[in-house]
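Each chain, letter by letter, is given below.
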Amino acid sequence: MITSVFVLAIAYAVLRCHVAGSVPWKDFPFFILNKGISLAAFVLIACNFGFGPLRNVDVPVPDSWLAARKAVGMTGFLLLLIHALMSFLLFKPAVYA
């Protein structure tokens, strides 16, 4: 689940910024990866906090997903920290005029 969310988030960031947007391909390794990491972190943390309440309102949530909540939450938090560090490195007048 974690890998698929991460891959889909990076693919969405590339599609949104390069294919449908106007971001040059030279910004792919760092700028776009930062966007994909932030989306993956948001989705993983939202899933982490959403599995328990969904189960409480009788939505069928697999037991394996409930057992993996700690790993999903920790991975989301780690990706959030990586995103914050990358964002601080990107805060330059050359990137954001």
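Participant: Please clarify how the overall build of the chain should be interpreted in this entry.
Facilitator: If you tally the helices and strands in the chain, you get four helices and zero strands. When the helices and strands of the chain are listed from N to C terminus, the series reads α-α-α-α. Taking 97 residues into account, the globule formula puts the C-alpha radius of gyration at 13 Å, and the chain, at 16 Å, lies well above it. Taken along the three principal axes of its C-alpha coordinates, the chain extends 50 × 25 × 20 Å. Within the span of the chain, comprising 97 residues, buried residues form 28% of the whole. Looking at the chain alone, contacts between residues at least 24 apart form 62% of all its contacts between residues at least 6 apart.

Participant: Whenever I open this one, the packing of aromatic side chains confuses me. Can you help?
Facilitator: Pairs of aromatic rings are described using the distance from one ring centre to the other and the angle between the two planes. A complete count under the given rule lists two aromatic pairs for this structure. Arranged with centres 6.1 Å apart and planes meeting at 75 degrees, the rings of F88 and F91 form a pair that is edge-to-face. Pair check on accessibility: F88 and F91 agree, each one exposed.

Participant: How do you make sense of helix α1 (residues 2–19) when you look at a structure like this?
Facilitator: Residues that lie three or four places apart on an α-helix share one face, since the helix turns once every 3.6 residues. With 18 residues, α1 extends 25 Å from end C-alpha to end C-alpha; this agrees with the ideal 26 Å at 1.5 Å per step. Of the positions making up α1, those classed as buried are V5, A9, I10, A13, V14, C17 and H18. All buried residues of α1 fall inside an arc of 165 degrees around its axis, so they share one side. Opposite its buried face, α1 presents the exposed residues V7, L8 and V19, each directed more than 90 degrees away. Its buried side turned inward, α1 meets α2 (28–56).

Definitions and cut-offs
Residues numbered from 1 in each chain as written. Predicted model: local features only at pLDDT ≥ 70, side-chain atom pairs only at ≥ 80, totals over all residues. Heavy atoms only, no water. Helix = DSSP H or I, 4+ residues; strand = E, 2+ residues; numbered from the N terminus. Rg over C-alpha atoms; globule rule 2.2 N^0.38 Å. Buried < 20%, exposed > 50% of the residue type's maximum accessible area, 1.4 Å probe, protein only. Contact = heavy atoms within 4.5 Å. Phe/Tyr/Trp six-rings, centres within 6.5 Å; stacked < 30°, edge-to-face > 60°. Expected span 1.5 Å × (residues − 1). Arc of directions from axis to C-beta.

That's the geometry; what it means functionally is another story.
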